[in-house]
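If you want the building blocks of each chain, they are given just below.
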Amino acid sequence: MDFKTFMARITSVEKSPQKYFIVDPDLPLSVYFGLDNLSRPTLLIEDIGKTFSVSDIPSTAQIHVRSFMNNSKACLSFSLLSPGRRDVFNTLCYDLFESTRKETRDLALMSLLLRFSAWLALLKGTRPGVMSLQEQRGLAAELMALVYFAEKKGFGAAIDAWVGPFKLDKDFEFFDHWAEIKSCKVSSTTVSISSIEQLDATMDGRLIVYRIDQAPENKEDAYSLKDVVDKARNAATNVAERTLLENKLLLSKYVDTETEYQKKKFKTYSRDFYRVDSQFPCLRRDGVNPAITACQYSISLPAIEAFKEDGQ
């Protein structure tokens, strides 16, 4: 659908008693345009698979983002708060709508979130806050895993599989397996699992644990977060892959201009792979009372030694 046709349709719906119309029934996501309960122009995406927190997809002064359940379906909506920005909002809606022309619902949702993250930076006009040391270690671990998978499967497959920036249940999702990446200090004996679903899956996967500590600048093999980012950038083989990486870095709150990401140094002391199969000790949704909707827990690393395997 071209922009002119899209504009004709969204203009007509506001003159109709019908609140929403589906933009294109052939898309993998159900995308609607209409007016919300406050008569604000709204792009509504229905049945996205999961809801998001306010921090995952923040609103702006012009766009109110809402993630909610409707008739047991997870929905996401973008509503215009500033009538004077209607032209910009129309363009944003068309861009988000077109970004969902993918093969599957998951790919369409990822594409939409990436596109909105780029719009978010433009609309807010501000850079994200500095990541904590724990967040920096976590992003460094995910990027090192990205480079590892790129060496094994090619950068295109690895960057497509990296869904950690979307706050989904797993950090990497391939068609035949998955991986959850954790970073911890050298002295740690446990890793934290942030949800029931994080290690629960119908197919086997891997828990990959990086032991990372802060290090002085003169420490052998010390690196900064920017060093790891640049290594990932150098692994990309074409412009499309590099663009996708940059979008996911933005979604992860990383910006090159933050000097702390160059000054703070880290060192990786080990990387361990654990096979997560039906025998692996973790919480699973079918074994948890439905009244428990969310939880966090820790796993003892010495207790899962039997599941350790060669990363090669």
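Refer to the preceding data block for the structure.
Here's a quick rundown of the structure. Keep in mind that this is a model prediction, so the values were computed, not measured. (Residues numbered from 1 in each chain as written. Predicted model: local features only at pLDDT ≥ 70, side-chain atom pairs only at ≥ 80, totals over all residues. Heavy atoms only, no water.)

On to the sheet that holds strand S4 (residues 63-70), then. Sheet architecture is open: five strands sit in the order S1-S2-S3-S5-S4, paired in antiparallel fashion. The open sheet has two edge strands with one neighbour each: strand S1 (20-22) and S4. Neighbour-to-neighbour, the strand axes of this sheet turn through a mean angle of 20 degrees, independent of strand direction. With six bridges connecting them, strand S2 (residues 30-35) and strand S3 (residues 41-46) associate as antiparallel partners. Bridge pairing in S3 links Phe33 to Leu43. Most of the contacts of helix H2 (residues 86-99) go to S3, to which it runs at about 15 degrees, and overall it touches S2, S3, S4 and strand S5 (73-80). (Pairing = 2+ DSSP bridges. Helix = DSSP H or I, 4+ residues; strand = E, 2+ residues; numbered from the N terminus. Axes fitted to C-alpha atoms, helices over the stretch in contact; angles between N-to-C directions. Contact = heavy atoms within 4.5 Å.)

For the rest of this paragraph, the subject is the nonpolar core. Formed by 74 residues in total, the largest nonpolar core has its most connected members in Phe116, Leu143, Leu146 and Phe172. It is helix H4 (residues 133-153) that provides the largest number of residues to this core, a total of 11 residues. With residues up to four places along the chain from it excluded, the contact list for Leu143 reads Trp162, Leu225, Val228, Val229, Ala232, Leu245 and Leu249. Counting residues in each nonpolar core, the second largest holds 16 residues, with Cys184, Leu199, Tyr274 and Tyr297 among its members. (Core = buried A, V, L, I, M, F, W, Y, C linked by side-chain atoms within 4.5 Å. Buried < 20%, exposed > 50% of the residue type's maximum accessible area, 1.4 Å probe, protein only.)

Going through the model one piece at a time under the given rule, you end up with 11 aromatic pairs. Between Tyr254 and Tyr261, the ring centres sit 5.4 Å apart and the planes meet at 25 degrees, which makes this aromatic pair stacked. Taking the relative accessible area as the measure of exposure, Tyr254 reaches 4% and is therefore buried. Its relative accessible area of 1% is what places Tyr261 among the buried residues. Ring pairs connect the aromatic residues Tyr148, Phe149, Phe172, Phe174 and Phe273, which therefore count as one cluster. Over the aromatic face of Phe174 sits the side chain of Lys153, whose NZ or CZ is 5.0 Å from the ring centroid. Across the ring face of Trp178, the terminal group of Lys170 is positioned such that the distance to the ring centre comes to 5.1 Å. (Phe/Tyr/Trp six-rings, centres within 6.5 Å; stacked < 30°, edge-to-face > 60°. Lys NZ or Arg CZ within 6 Å of the ring centre and 35° of its normal.)

A word on helix H7 (residues 239-251). Over its 13 residues, H7 runs 18 Å from end to end, which matches the ideal 18 Å to within 8%, given 1.5 Å per residue. Buried residues of H7: Glu241, Leu244, Leu245, Lys248 and Leu249, and no others. Around the axis of H7, the buried residues are gathered within 140 degrees of arc, so they sit on the same side. For H7, the exposed residues lying more than 90 degrees away from the buried face are Val239 and Ala240. Capping the start of H7 is the job of one residue whose side-chain oxygen sits 2.8 Å from the backbone nitrogen of Glu241: Asn238. With its phi angle positive at about 80 degrees, Lys253 sits one or two positions after the end of H7. (Expected span 1.5 Å × (residues − 1). Arc of directions from axis to C-beta. Polar contact = N/O pair within 3.5 Å; in protein donor to acceptor, adjacent residues only side chain to side chain.)

Before going further, it helps to spend a moment on the pattern of salt bridges. The final tally for this structure, using the stated rule, is 21 salt bridges. The closest approach of N and O atoms between Arg115 and Asp95, which form a salt bridge, is 2.6 Å. Remark: Asp95 occurs in helix H2 and Arg115 occurs in helix H3 (residues 105-124); sequence separation between them is 20 residues. Between Arg242 and Glu246 there is a salt bridge; the shortest N-O distance is 2.8 Å. A residue pair is termed a helical-turn pair when its members lie 3 or 4 positions apart in one helix, as Arg242 and Glu246 do in helix H7 at four residues. The exposure class assigned to Arg242 is partly exposed, which follows from its relative accessible area of 36%. (Salt bridge = Lys/Arg side-chain N within 4 Å of Asp/Glu carboxyl O.)

For the pair helix H6 (residues 225-235) and H7, interaxial distance at closest approach is 9 Å and the crossing angle is 155 degrees. The angle between H6 and H7 falls in the class roughly antiparallel. Classified by chirality, the crossing of H7 by H6 is right-handed. The residues of H7 that touch H6, namely those facing Val229, Ala232 and Arg233, are Arg242, Leu245, Glu246 and Leu249. Residue composition of the contact of H6 with H7, by class: four nonpolar, no polar and three charged. (Parallel < 35°, antiparallel > 145°, perpendicular 65-115°, else oblique. Left-handed = near helix turned anticlockwise from the far one by under 90°. Nonpolar A, V, L, I, M, F, W, Y, C, P; charged D, E, K, R; others polar.)

Looking at where Pro28 falls in the secondary structure, it is placed in the loop between S1 and S2. Its relative accessible area of 27% is what places Pro28 among the partly exposed residues. On a C-alpha basis, the gap between Pro28 and Leu225 in space is 36 Å, while along the polypeptide they are 197 residues apart. In contact with Pro28, not counting residues within four places along its chain, are Thr100, Lys102, Thr104, Arg105 and Ala108.

In short, the description is geometric, and any link to function would need to be established separately.
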